[in-house]
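Inside the fold
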Amino acid sequence: MSEPIVPSKLYVGIWITLLCLTVITAGVSFIDLGPLNTVVALVIATFKALLVVLFFMHVKYASEKLSKMVVVAAVFWLLLLLTLSMADYVTRLWS
Amino acid sequence: MSNSPIAVEQHNPALRHHFADMEQQRQASSLGMWVFLATEVMFFGGMFCAYLIYRYWYFNEFAAGSRSLDIWLGTINTAVLICSSLTVALGVRAAQMGKRKLLVVLLLLTIVFGVAFLGIKGVEWYTKFQEHHIPGSSFSADNLIKEYPQIRIDPSHEQIFFSLYFAMTGLHALHMIIGVGIFTFLTYYAWKGRYTPEYHNPVEIGGLYWHFVDIIWIYLFPLLYLIDRKPLK
(Lines give C-alpha, C1' and ligand atoms only; values in the text may rest on other atoms or scores of the structure.)
Protein backbone atom coordinates (compact mmCIF):
# COMPACT_ATOMS: atom_id res chain seq x y z
CA MET A 1 0.00 0.00 0.00
CA SER A 2 1.38 3.39 -0.97
CA GLU A 3 -1.07 5.03 1.40
CA PRO A 4 0.83 5.81 4.61
CA ILE A 5 -0.76 5.86 8.05
CA VAL A 6 -0.08 9.23 9.64
CA PRO A 7 0.53 9.24 13.43
CA SER A 8 -2.49 10.62 15.28
CA LYS A 9 -0.21 12.99 17.23
CA LEU A 10 0.49 14.86 14.00
CA TYR A 11 -3.25 15.24 13.33
CA VAL A 12 -3.80 16.57 16.85
CA GLY A 13 -0.90 19.01 16.37
CA ILE A 14 -2.42 20.31 13.12
CA TRP A 15 -5.79 20.60 14.85
CA ILE A 16 -4.37 22.72 17.71
CA THR A 17 -2.50 24.92 15.19
CA LEU A 18 -5.71 25.48 13.21
CA LEU A 19 -7.65 26.42 16.38
CA CYS A 20 -4.90 28.86 17.47
CA LEU A 21 -4.83 30.47 14.02
CA THR A 22 -8.62 30.91 14.16
CA VAL A 23 -8.38 32.78 17.48
CA ILE A 24 -5.44 34.85 16.17
CA THR A 25 -7.21 35.88 12.95
CA ALA A 26 -10.33 36.91 14.89
CA GLY A 27 -8.25 38.85 17.43
CA VAL A 28 -6.02 40.62 14.91
CA SER A 29 -9.08 41.93 13.03
CA PHE A 30 -9.79 44.30 15.96
CA ILE A 31 -6.35 45.93 15.67
CA ASP A 32 -6.07 48.75 13.13
CA LEU A 33 -3.39 47.74 10.61
CA GLY A 34 -4.82 49.75 7.73
CA PRO A 35 -5.01 47.79 4.48
CA LEU A 36 -2.81 45.10 6.06
CA ASN A 37 -5.84 43.74 7.98
CA THR A 38 -7.16 42.08 4.83
CA VAL A 39 -3.71 40.80 3.88
CA VAL A 40 -3.15 39.24 7.32
CA ALA A 41 -6.63 37.63 7.31
CA LEU A 42 -6.05 36.10 3.85
CA VAL A 43 -2.51 34.92 4.64
CA ILE A 44 -3.74 33.15 7.79
CA ALA A 45 -6.70 31.62 5.90
CA THR A 46 -4.40 30.38 3.14
CA PHE A 47 -1.98 28.91 5.66
CA LYS A 48 -4.88 27.09 7.38
CA ALA A 49 -6.16 25.81 4.04
CA LEU A 50 -2.66 24.61 3.18
CA LEU A 51 -2.41 22.66 6.45
CA VAL A 52 -5.76 20.98 5.76
CA VAL A 53 -4.87 20.11 2.15
CA LEU A 54 -1.37 18.83 2.89
CA PHE A 55 -2.00 16.84 6.06
CA PHE A 56 -5.73 16.13 6.53
CA MET A 57 -6.27 15.53 2.80
CA HIS A 58 -2.96 13.61 2.51
CA VAL A 59 -1.65 15.59 -0.48
CA LYS A 60 1.78 15.70 1.19
CA TYR A 61 1.85 11.90 1.22
CA ALA A 62 0.02 11.16 -2.01
CA SER A 63 2.14 9.13 -4.41
CA GLU A 64 -0.15 9.95 -7.32
CA LYS A 65 1.29 12.95 -9.13
CA LEU A 66 -2.01 13.33 -11.00
CA SER A 67 -3.89 14.22 -7.79
CA LYS A 68 -1.34 16.91 -7.00
CA MET A 69 -1.65 18.26 -10.53
CA VAL A 70 -5.43 18.52 -10.16
CA VAL A 71 -5.00 20.52 -6.91
CA VAL A 72 -2.54 22.92 -8.53
CA ALA A 73 -4.75 23.25 -11.63
CA ALA A 74 -7.82 24.07 -9.52
CA VAL A 75 -5.98 26.84 -7.67
CA PHE A 76 -4.48 28.12 -10.93
CA TRP A 77 -7.89 28.40 -12.65
CA LEU A 78 -9.37 30.11 -9.61
CA LEU A 79 -6.57 32.69 -9.56
CA LEU A 80 -7.00 33.19 -13.31
CA LEU A 81 -10.70 33.90 -12.78
CA LEU A 82 -10.09 36.34 -9.93
CA THR A 83 -7.06 38.20 -11.37
CA LEU A 84 -8.41 38.69 -14.88
CA SER A 85 -11.81 39.85 -13.56
CA MET A 86 -10.21 42.29 -11.15
CA ALA A 87 -7.77 43.50 -13.84
CA ASP A 88 -10.90 44.72 -15.63
CA TYR A 89 -12.81 46.25 -12.69
CA VAL A 90 -9.83 47.88 -10.98
CA THR A 91 -8.60 49.64 -14.12
CA ARG A 92 -11.98 50.95 -15.37
CA LEU A 93 -11.59 54.35 -13.74
CA TRP A 94 -8.07 54.88 -15.02
CA SER A 95 -7.32 57.60 -17.61
CA MET B 1 -1.55 -19.98 -8.76
CA SER B 2 -3.85 -19.52 -5.81
CA ASN B 3 -0.89 -18.48 -3.65
CA SER B 4 0.14 -15.59 -5.89
CA PRO B 5 -0.81 -12.14 -4.55
CA ILE B 6 -2.71 -11.28 -7.75
CA ALA B 7 -5.00 -14.26 -7.33
CA VAL B 8 -5.70 -13.28 -3.71
CA GLU B 9 -6.50 -9.72 -4.72
CA GLN B 10 -8.89 -10.85 -7.41
CA HIS B 11 -10.83 -12.62 -4.73
CA ASN B 12 -11.40 -9.43 -2.77
CA PRO B 13 -15.15 -8.90 -3.31
CA ALA B 14 -14.68 -5.11 -3.23
CA LEU B 15 -12.47 -5.12 -6.35
CA ARG B 16 -14.37 -4.08 -9.47
CA HIS B 17 -13.48 -6.11 -12.54
CA HIS B 18 -12.25 -3.11 -14.56
CA PHE B 19 -9.38 -2.41 -12.14
CA ALA B 20 -6.11 -4.36 -12.15
CA ASP B 21 -5.77 -4.39 -8.36
CA MET B 22 -6.99 -2.74 -5.15
CA GLU B 23 -4.30 -0.06 -5.22
CA GLN B 24 -5.25 1.05 -8.73
CA GLN B 25 -8.89 1.16 -7.71
CA ARG B 26 -8.06 3.30 -4.67
CA GLN B 27 -5.97 5.74 -6.71
CA ALA B 28 -8.67 6.03 -9.36
CA SER B 29 -11.40 6.86 -6.83
CA SER B 30 -9.16 9.38 -5.10
CA LEU B 31 -8.24 11.07 -8.39
CA GLY B 32 -11.91 11.17 -9.40
CA MET B 33 -12.76 12.92 -6.14
CA TRP B 34 -10.01 15.48 -6.64
CA VAL B 35 -11.33 16.26 -10.13
CA PHE B 36 -14.80 16.73 -8.65
CA LEU B 37 -13.37 19.03 -5.98
CA ALA B 38 -11.65 21.06 -8.72
CA THR B 39 -15.08 21.64 -10.30
CA GLU B 40 -16.34 22.65 -6.85
CA VAL B 41 -13.56 25.23 -6.65
CA MET B 42 -14.92 26.67 -9.91
CA PHE B 43 -18.48 26.49 -8.57
CA PHE B 44 -17.65 28.49 -5.44
CA GLY B 45 -15.10 30.55 -7.40
CA GLY B 46 -17.82 32.39 -9.31
CA MET B 47 -19.29 33.55 -6.02
CA PHE B 48 -15.92 34.54 -4.60
CA CYS B 49 -15.35 36.57 -7.77
CA ALA B 50 -18.72 38.34 -7.45
CA TYR B 51 -17.87 39.00 -3.79
CA LEU B 52 -14.50 40.50 -4.71
CA ILE B 53 -15.96 42.84 -7.32
CA TYR B 54 -18.78 44.13 -5.10
CA ARG B 55 -16.52 44.44 -2.10
CA TYR B 56 -14.24 46.60 -4.24
CA TRP B 57 -17.18 48.76 -5.36
CA TYR B 58 -19.18 49.01 -2.12
CA PHE B 59 -16.60 48.64 0.62
CA ASN B 60 -18.52 50.81 3.13
CA GLU B 61 -21.63 48.67 2.94
CA PHE B 62 -19.58 45.47 3.14
CA ALA B 63 -17.78 46.81 6.22
CA ALA B 64 -21.06 47.74 7.96
CA GLY B 65 -22.71 44.43 7.03
CA SER B 66 -19.69 42.52 8.28
CA ARG B 67 -19.84 44.34 11.62
CA SER B 68 -23.47 43.29 12.03
CA LEU B 69 -22.53 39.59 11.90
CA ASP B 70 -21.89 37.81 15.20
CA ILE B 71 -18.11 37.35 15.34
CA TRP B 72 -18.39 35.06 18.40
CA LEU B 73 -20.72 32.62 16.71
CA GLY B 74 -18.61 32.83 13.56
CA THR B 75 -15.41 31.97 15.45
CA ILE B 76 -17.10 29.16 17.38
CA ASN B 77 -18.47 27.73 14.15
CA THR B 78 -14.99 27.82 12.58
CA ALA B 79 -13.66 25.91 15.60
CA VAL B 80 -16.53 23.39 15.34
CA LEU B 81 -15.68 22.70 11.69
CA ILE B 82 -11.97 22.34 12.48
CA CYS B 83 -12.86 19.81 15.19
CA SER B 84 -14.99 17.91 12.65
CA SER B 85 -12.04 17.85 10.24
CA LEU B 86 -9.89 16.29 12.98
CA THR B 87 -12.47 13.55 13.62
CA VAL B 88 -12.63 12.89 9.85
CA ALA B 89 -8.82 12.65 9.57
CA LEU B 90 -8.69 10.30 12.58
CA GLY B 91 -11.64 8.37 11.11
CA VAL B 92 -9.82 7.75 7.82
CA ARG B 93 -6.84 6.61 9.91
CA ALA B 94 -9.08 4.22 11.89
CA ALA B 95 -10.37 2.81 8.58
CA GLN B 96 -6.80 2.35 7.31
CA MET B 97 -6.02 0.36 10.44
CA GLY B 98 -9.27 -1.59 10.32
CA LYS B 99 -10.59 -0.35 13.69
CA ARG B 100 -14.31 -0.66 13.06
CA LYS B 101 -15.72 0.65 16.36
CA LEU B 102 -13.35 3.61 16.49
CA LEU B 103 -14.30 4.47 12.90
CA VAL B 104 -18.02 4.40 13.73
CA VAL B 105 -17.51 6.61 16.80
CA LEU B 106 -15.43 9.15 14.84
CA LEU B 107 -17.93 9.24 11.97
CA LEU B 108 -20.76 9.83 14.45
CA LEU B 109 -18.76 12.62 16.14
CA THR B 110 -18.27 14.23 12.72
CA ILE B 111 -22.02 14.17 12.14
CA VAL B 112 -22.58 15.75 15.58
CA PHE B 113 -20.12 18.56 14.79
CA GLY B 114 -21.71 19.04 11.36
CA VAL B 115 -25.21 19.32 12.82
CA ALA B 116 -23.90 21.68 15.55
CA PHE B 117 -22.45 23.92 12.83
CA LEU B 118 -25.76 23.98 10.97
CA GLY B 119 -27.62 24.75 14.23
CA ILE B 120 -25.40 27.73 15.04
CA LYS B 121 -25.70 28.91 11.42
CA GLY B 122 -29.49 28.65 11.76
CA VAL B 123 -29.42 30.85 14.89
CA GLU B 124 -27.37 33.46 13.00
CA TRP B 125 -29.77 33.43 10.03
CA TYR B 126 -32.73 33.79 12.39
CA THR B 127 -31.14 36.91 13.92
CA LYS B 128 -30.64 38.35 10.43
CA PHE B 129 -34.30 37.60 9.69
CA GLN B 130 -35.36 39.54 12.79
CA GLU B 131 -33.15 42.46 11.79
CA HIS B 132 -34.78 42.66 8.32
CA HIS B 133 -31.46 41.84 6.68
CA ILE B 134 -32.93 39.23 4.34
CA PRO B 135 -32.73 40.70 0.81
CA GLY B 136 -36.14 41.40 -0.67
CA SER B 137 -39.10 43.75 -0.25
CA SER B 138 -38.84 43.84 3.56
CA PHE B 139 -35.10 44.52 3.56
CA SER B 140 -33.99 47.41 5.74
CA ALA B 141 -30.54 48.77 6.60
CA ASP B 142 -31.98 51.34 9.05
CA ASN B 143 -30.47 49.74 12.14
CA LEU B 144 -27.01 49.76 10.51
CA ILE B 145 -27.36 53.42 9.46
CA LYS B 146 -28.34 54.29 13.05
CA GLU B 147 -25.60 52.18 14.62
CA TYR B 148 -22.74 53.33 12.37
CA PRO B 149 -23.32 57.03 11.59
CA GLN B 150 -19.61 57.29 10.61
CA ILE B 151 -20.12 54.92 7.65
CA ARG B 152 -21.97 56.13 4.56
CA ILE B 153 -24.45 53.36 3.74
CA ASP B 154 -26.60 53.00 0.63
CA PRO B 155 -29.34 50.45 1.50
CA SER B 156 -29.44 49.01 -2.04
CA HIS B 157 -25.69 48.33 -1.87
CA GLU B 158 -26.10 46.89 1.63
CA GLN B 159 -28.62 44.50 0.14
CA ILE B 160 -25.96 43.22 -2.25
CA PHE B 161 -23.70 42.38 0.70
CA PHE B 162 -26.45 40.39 2.37
CA SER B 163 -27.43 38.69 -0.90
CA LEU B 164 -23.84 37.45 -1.19
CA TYR B 165 -23.74 36.57 2.50
CA PHE B 166 -26.82 34.36 2.21
CA ALA B 167 -25.82 32.89 -1.15
CA MET B 168 -22.32 31.96 0.04
CA THR B 169 -23.20 30.70 3.52
CA GLY B 170 -26.32 29.05 2.07
CA LEU B 171 -24.38 27.18 -0.60
CA HIS B 172 -21.85 26.19 2.05
CA ALA B 173 -24.63 24.99 4.37
CA LEU B 174 -26.13 22.96 1.51
CA HIS B 175 -22.75 21.25 1.14
CA MET B 176 -22.74 20.60 4.89
CA ILE B 177 -26.20 19.02 4.72
CA ILE B 178 -25.06 16.78 1.84
CA GLY B 179 -21.91 15.99 3.86
CA VAL B 180 -23.97 14.94 6.89
CA GLY B 181 -26.00 12.71 4.54
CA ILE B 182 -22.85 11.11 3.11
CA PHE B 183 -21.46 10.52 6.60
CA THR B 184 -24.71 8.92 7.76
CA PHE B 185 -24.35 6.50 4.85
CA LEU B 186 -20.67 5.90 5.72
CA THR B 187 -21.52 5.30 9.39
CA TYR B 188 -24.13 2.70 8.47
CA TYR B 189 -21.76 0.72 6.25
CA ALA B 190 -18.86 1.15 8.69
CA TRP B 191 -21.11 -0.36 11.37
CA LYS B 192 -21.91 -3.24 9.02
CA GLY B 193 -18.16 -3.80 8.64
CA ARG B 194 -17.88 -3.08 4.94
CA TYR B 195 -14.66 -1.06 5.24
CA THR B 196 -11.33 -2.83 5.65
CA PRO B 197 -7.68 -1.69 5.47
CA GLU B 198 -7.70 -2.91 1.84
CA TYR B 199 -10.98 -1.25 0.92
CA HIS B 200 -12.11 2.00 2.52
CA ASN B 201 -12.26 4.25 -0.55
CA PRO B 202 -15.70 5.67 0.37
CA VAL B 203 -14.40 6.79 3.78
CA GLU B 204 -11.34 8.33 2.16
CA ILE B 205 -13.16 10.29 -0.55
CA GLY B 206 -16.02 11.22 1.81
CA GLY B 207 -13.29 12.65 4.03
CA LEU B 208 -11.82 14.62 1.12
CA TYR B 209 -15.25 16.16 0.51
CA TRP B 210 -15.65 17.09 4.18
CA HIS B 211 -12.21 18.72 4.37
CA PHE B 212 -12.97 20.66 1.18
CA VAL B 213 -16.16 22.08 2.69
CA ASP B 214 -14.10 22.99 5.76
CA ILE B 215 -11.62 24.90 3.58
CA ILE B 216 -14.45 26.89 1.96
CA TRP B 217 -15.50 27.98 5.45
CA ILE B 218 -11.90 28.81 6.40
CA TYR B 219 -12.09 31.45 3.62
CA LEU B 220 -15.71 32.50 4.18
CA PHE B 221 -15.04 33.32 7.84
CA PRO B 222 -12.50 36.14 7.31
CA LEU B 223 -14.15 37.31 4.06
CA LEU B 224 -17.59 37.76 5.63
CA TYR B 225 -17.04 38.29 9.36
CA LEU B 226 -13.69 40.10 9.52
CA ILE B 227 -13.94 42.67 6.69
CA ASP B 228 -13.58 45.68 8.97
CA ARG B 229 -13.59 45.19 12.73
CA LYS B 230 -11.13 47.87 13.80
CA PRO B 231 -12.46 50.60 16.14
CA LEU B 232 -14.39 53.33 14.29
CA LYS B 233 -12.97 56.83 14.54
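Keep in mind that this is a model prediction, so the values were computed, not measured.

1. Describing the nonpolar core
Counting 67 residues, the largest nonpolar core has B:L103, B:L107, B:I216, B:L220 and B:L224 as its most contacted members. Of all the secondary-structure elements, those providing two or more residues to this core are α1 (8-28) and α2 (36-56) of chain A together with α2 (22-57), α4 (71-96), α5 (100-130), α7 (155-191) and α8 (201-225) of chain B. At 16 residues, α8(B) tops the list of elements feeding residues into this core. When sequence neighbours within four positions are dropped, the list of residues in contact with B:L224 reads B:S66, B:L69, B:Y165 and B:M168.

2. Details of the environment of B:P202
The residue B:P202 is located in helix α8 in this model. The class of B:P202 is partly exposed, set by 17 C-beta atoms lying within 10 Å.

3. Overview of the interface of chain B and chain A
Accessible area lost during the coming together of the parts is what is often quoted as the interface size. Contact residues are listed per partner, giving 40 residues for chain B and 41 residues for chain A. Mapped by element, the contributors of at least two residues to the side of chain B that touches chain A are α2, α4 and α8 of chain B. If one sorts the elements of the side of chain B that touches chain A by residue count, α2(B) sits on top with 17 residues. Residue composition of the side of chain B that touches chain A, grouped by class: 26 nonpolar, 8 polar and 6 charged.

4. Observations regarding the packing of α2(B) against α7(B)
Residues and elements named next belong to chain B. Close contact between α2 and α7 brings their axes to 11 Å; oriented N to C, the two are set at 160 degrees. The orientation of α2 with respect to α7, classified from their angle, is roughly antiparallel. As α2 packs across α7, the resulting crossing turns out to be left-handed. Judged by residue contacts, M47, A50, Y51 and Y54 of α2 engage I160, L164, A167, M168 and L171 from α7. Taken together, the residues that form the contact of α2 with α7 break down as 9 nonpolar, no polar and no charged.

5. Overview of helix α3 (residues 59-67) of chain B
Residues of α3(B) that are buried include every one of B:E61, B:F62, B:A64, B:G65 and B:S66, and no others. Close packing links the buried residues of α3(B) with α2, α6 (142-147), α7 and α8 of chain B.

6. Here we look at the confidence of the model for chain A
The pLDDT averaged across chain A works out to 92; a share of 98% of its residues lies at or above 70. When the elements of chain A are averaged for pLDDT, helix α3 (residues 65-91) of chain A gives the smallest value, 94, and α1(A) the largest, 97.

Parameters at a glance
- Residues numbered from 1 in each chain as written.
- Chains lettered and ligands numbered in written order.
- Predicted model: local features only at pLDDT ≥ 70, side-chain atom pairs only at ≥ 80, totals over all residues.
- Core = buried A, V, L, I, M, F, W, Y, C linked by C-beta atoms within 7 Å.
- Buried ≥ 20, exposed ≤ 12 C-beta atoms within 10 Å, placed from the backbone.
- Helix = DSSP H or I, 4+ residues; strand = E, 2+ residues; numbered from the N terminus.
- Contact = placed C-beta atoms within 7 Å.
- Nonpolar A, V, L, I, M, F, W, Y, C, P; charged D, E, K, R; others polar.
- Axes fitted to C-alpha atoms, helices over the stretch in contact; angles between N-to-C directions.
- Parallel < 35°, antiparallel > 145°, perpendicular 65-115°, else oblique.
- Left-handed = near helix turned anticlockwise from the far one by under 90°.
- pLDDT = per-residue confidence, 0-100.

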